[in-house]
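Given next are the chains, with one letter for each unit.
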Amino acid sequence: MEVKIESSWKKALAGEFEKQYFAELREFVRKEYLGATVYPPAKHIFRAFELCPLGKVRVVILGQDPYHGKGQAHGLSFSVPENVSVPPSLQNIYKEIKSDLGIPVRGEGNLARWAGQGVLLLNATLTVRAGSPGSHQHKGWEQFTDAVIEKLSRDKERLVFLLWGKYAQEKGRIIDRAKHCVLVAAHPSPYSAASGFFGCKHFSKTNEYLKSIGEKPIEW
């Protein structure tokens, strides 16, 4: 079965698609979609890559699982489609943007506009069973997304990686700090945002770094 992913990523990750773990992952995911309710919709599994081709990546925001509630996940970390209530973590992200940059809190949670500016909104695991967080962990997705991060770290220069929470920070250990700007903070979840996410100023720091290397800032 052919992997339907944006062409520049397909070429860059061709070696991963030939590996045994990915064949097993693909078969697992296929059976899950046939036998259960799985998010995001199958056509959106690789949407982060579709909206942010390899050559356009400037910033990477790492998430963990897709949202597991009905209608929430659409292939972008922390993001939800229009007309879906903004989840608590994203509400806190918006609060920090307002505090940091003075931008009013938005009432909708679709971050596709970030992706279009070169922000790769990457979850570590790209699928999840409805109502069952973590259900598709340890099936191969983490190995695949590690390969994505390693590819970005090795083959590109001067990216900004935003690592929020212990999980993202552990996953980001493979990033070459000598080549890239890596910003770390607590996770924006209501359980941890007050422990170091609020006040991190990652959005202004990202834009300051981008401007310092001659890049356009992100319109958060």
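Residues numbered from 1 in each chain as written. Predicted model: local features only at pLDDT ≥ 70, side-chain atom pairs only at ≥ 80, totals over all residues. Heavy atoms only, no water.

S.K.: What should I look at first to understand the packing of aromatic side chains in this one?
M.R.: A ring pair, where both rings are aromatic, is described by two values, the distance of the centres and the angle of the planes. Enumeration according to the criterion identifies 18 aromatic pairs in this entry. Pairing F78 with W164 gives two aromatic rings, centres 5.5 Å apart and planes at 65°, and the pair type is edge-to-face. Remark: W164 occurs in strand β5 (residues 160-164) and F78 occurs in the loop between β2 (59-63) and α5 (88-101); sequence separation between them is 86 residues. You'll find F78 and W164 in the same group, each marked buried. Taken together, a centroid distance of 4.9 Å and an interplanar angle of 80° make the contact between F203 and W220 edge-to-face. Remark: W220 occurs in the segment after α9 (202-212) and F203 occurs in helix α9; sequence separation between them is 17 residues. Pair check on accessibility: F203 and W220 agree, each one buried. Members of the aromatic cluster, joined through ring pairs, are W9, F17, Y21, F22, F46, F49, W141 and F144. (Phe/Tyr/Trp six-rings, centres within 6.5 Å; stacked < 30°, edge-to-face > 60°. Helix = DSSP H or I, 4+ residues; strand = E, 2+ residues; numbered from the N terminus. Buried < 20%, exposed > 50% of the residue type's maximum accessible area, 1.4 Å probe, protein only.)

S.K.: Got a minute to help me understand the pairing of β5 in this structure?
M.R.: Remark: a regular strand shows side chains that alternate across the two faces of the sheet. The buried fraction of β5 is high, at 5 of 5 residues. Of the two faces of β5, the one carrying V160, L162 and W164 and the one carrying F161 and L163 are both buried. Here β2 runs beside β5; their pairing, made up of 3 bridges, is parallel. What sits directly across from V60, in β5, is F161. The pairing of β5 with strand β6 (residues 181-185) spans 5 bridges and is classified as parallel. Along β6, the bridge assignment pairs L163 with V184. Of the crossover connections in this fold, the one passing from β5 over helix α8 (residues 166-171) to the parallel β6 is right-handed. (Pairing = 2+ DSSP bridges. Right-handed = clockwise from strand over helix to strand, strands pointing away.)

S.K.: I would appreciate a short explanation of the sheet that holds β5 in the present structure.
M.R.: As a general point, the strands of a sheet are linked pairwise by backbone hydrogen bonds and lie either parallel or antiparallel. Read from one edge of the open sheet, 4 strands run β3-β2-β5-β6, paired in parallel fashion. Here the strands that pair on one side only, and so sit at the sheet edges, are β3 (119-123) and β6. Averaged over neighbouring strand pairs, the angle between their axes works out to 20° when direction is ignored. (Axes fitted to C-alpha atoms, helices over the stretch in contact; angles between N-to-C directions.)

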